[in-house]
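Coordinate analysis (summary)
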Amino acid sequence: MKQINVVMSGFAPYEGIDINPCLEVLRALERDGIDALSEHDESFADVQVQIHTVMLPVSFAKAWPMLLETIDRTHPDIVIATGLKRAARGMQLERCATNLMDAAKPDADNRRPRRMPIDPQGPAAYWTRLPLRSILKAFAGHGIAATLSSDAGTYVCNSLFYNLLNWAVTRDHVIGGFLNFPTVNEQPHPQHGLPLAQQIAAARDVVHETVRYYLQPSSGGMLLG
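Presented here is a report on the structure given in the accompanying data block. Remember, it's a predicted structure, so these values are computed and weren't measured experimentally.

Thresholds, definitions, all that
Residues numbered from 1 in each chain as written. Predicted model: local features only at pLDDT ≥ 70, side-chain atom pairs only at ≥ 80, totals over all residues. Heavy atoms only, no water. Axes fitted to C-alpha atoms, helices over the stretch in contact; angles between N-to-C directions. Helix = DSSP H or I, 4+ residues; strand = E, 2+ residues; numbered from the N terminus. Parallel < 35°, antiparallel > 145°, perpendicular 65-115°, else oblique. Left-handed = near helix turned anticlockwise from the far one by under 90°. Contact = heavy atoms within 4.5 Å. Pairing = 2+ DSSP bridges.

Two elements in contact, helix H2 (residues 63-74) and helix H4 (residues 156-168), have axes separated by 9 Å at closest approach and are oriented at 40 degrees. Taken together, the axis directions place H2 and H4 in an arrangement best described as oblique. For the pair H2 and H4, the sense of crossing is right-handed. Taking contact as the criterion, the partners of Ala-63, Trp-64, Leu-67, Leu-68 and Ile-71 in H2 are, on H4, Val-156, Leu-160, Asn-163, Leu-164 and Trp-167.

Here it is in C-alpha cells:
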C-alpha cells in the first residue's frame, strides 16, 4: 500500500465571516477523508491518502513558519494552501505567486509591509505546481463554479503561496499550490459564494486530481497560461 501524505492549510479567523470555509472544509476532509481513488481508477487501488490540516493566523511573520512546522512533522508529498476570496463567485485556483508584500491593511500582528519583497534573493514569481486543467475538468463534471486567477494579491495569502513554492522548488517530488474558497452561501443559484457541501466536494476534487498527477505526472494536467 502506497501512502500519499497531503497537508492542507487554511486561515482563521476572518473578520466579518460567520462560517469560514477554510476551517469547515478542512475539518470535513480531515474527519471524513476522501473517496477511495480506486473508485475512480483501478490503478490506484493500492493508494492510501492521509490528510493533515493546519489553521494559520493571517500574519506575514507567522503563517509560513507554522505551515513549515507542519510540513517538517508530516513529510508531505502534496501541500495545498487555502484562503478566502470574499467576492468570488466560486472556487479560485491561483496560478502565480509574486515576490511582493504590499498590504493595504494591517495583518493580525498589526504589521503592514509596503512594497517589500518576500525574499530579496528570490525570483520575481513562481508558477503553481497543481494540475489546474485536470482540477477544472473535475469541477465542471460536478457542476462546481470555478475560475483561474493570475493574481493572488500582495497580502498574506500571496506571501504564504510564494514561501511555499520557494520551499517546494528545491524538492523534486513535492507538489504545492494555493486555492481560494468563496464565502459560504446556501441560497439557490447564489451570485456570490457556494454551498458548503459544494466547497467540500471541490476540495476533494483538488486532492484527487493532485494525487493522480503526483502518481502519473503529465503536462496535459497543467494549465498556466
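There's more to say after this.
Overall, mixed pairing links the 6 strands, which are arranged E2-E1-E3-E8-E4-E7 in an open sheet. Across the chains shown, the open sheet's two edge strands, defined by having one partner strand only, are strand E2 (47-56) and strand E7 (146-149). When strand polarity is set aside, the average angle formed by the axes of neighbouring strands in this sheet is 25 degrees. In this structure, strand E3 (residues 78-84) lies alongside strand E8 (residues 175-181), joined through 7 bridges in parallel fashion. Note that in E8 the partner of Ala-81 across the bridge is Phe-178. Strands strand E1 (2-11), E2 and E3 of the sheet are contacted by H2, whose axis makes an angle of about 150 degrees with E2.

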